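Spelled out, the chains give:
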Amino acid sequence: MPDPRVEILRLAHSHDLPLPAYQTAGAAGFDLIAAVPADAPVEIPPGARAMIPTGLVLAIPPGYEGQVRPRSGLAARHGVTVLNSPGTVDSDYRGEVKVILVNLGDATFRVERGERIAQMVVAPVIQVGFATVETLGETDRGAGGFGSTGRR
Ligand SMILES: O=c1ccn([C@H]2C[C@H](O)[C@@H](COP(=O)(O)OP(=O)(O)OP(=O)(O)O)O2)c(=O)[nH]1
Ligand SMILES: [Mg+2]
């Protein structure tokens, strides 16, 4: 089992769903699966959003985060994406991982139990120290931004 290891607690409503798994040898993310009731799919009308349960509680190791990202197929085919992308799952979070989907398409999107709705990329993250100062070091860019480079 490669390190770092992510511990997974499956809640009752996801016990029969597939465990997280990378689909290919080089996959950056593993899919997150909708743990909505089989007899109660969630319908997301155009312009609306919904919080979709995954039935998973993850213990992401210290020094890492879980990023909840859209699946490009859902975005391209249906205009459905992750509203807060990339969602941030903290290493100290011990609640159920949920996915906030938004439907930017023009048809109602139905989330069925077992559907792969998003993906999670586990990535290293650092915490910084903070120091308040009176002046900051000078740079070539200075305060230029928002399209300032290459302007004639
Ligand atoms: O797409 C997401 C985003 C967040 N979370 C969970 C895990 C994360 O650790 C926690 C808090 O997320 P965030 O910091 O983005 O939300 P907040 O609005 O700042 O809430 P809080 O005050 O709890 O930090 O919610 C999810 O399950 N899915
Ligand atoms: Mg927060």
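Residues numbered from 1 in each chain as written. Chains lettered and ligands numbered in written order. Predicted model: local features only at pLDDT ≥ 70, side-chain atom pairs only at ≥ 80, totals over all residues. Heavy atoms only, no water.

An unreviewed UniProt entry lists the protein under the name Deoxyuridine 5'-triphosphate nucleotidohydrolase, with Prosthecodimorpha hirschii as the source organism. What UniProt records for the protein under Sequence similarities (unreviewed entry) is the sentence "Belongs to the dUTPase family." The UniProt entry for the protein carries this comment under Cofactor (unreviewed entry): "Mg(2+)". (UniProt positions renumbered as here; feature names shortened; annotations may be inferred.)

Trainee: Teacher, can you tell me more about the site of ligand 1 here?
Mentor: Every residue close to ligand 1 is listed here: Val 68, Asn 84, Gly 87, Thr 88, Val 89, Asp 90, Tyr 93, Glu 96, Val 97 and Lys 98. Interatomic distance of 2.5 Å between a side-chain N/O atom of Asp 90 and an oxygen atom of ligand 1. Contact between ligand 1 and Lys 98: a nitrogen atom at 2.7 Å from a main-chain N or O atom of the residue. Bound to the protein, ligand 1 loses 49% of the 560 Å² it would expose on its own. (Near = heavy atom within 4 Å. Polar contact = N/O pair within 3.5 Å; in protein donor to acceptor, adjacent residues only side chain to side chain. Areas by Shrake-Rupley, 256 points an atom, 1.4 Å probe, with all protein chains shown as cover.)

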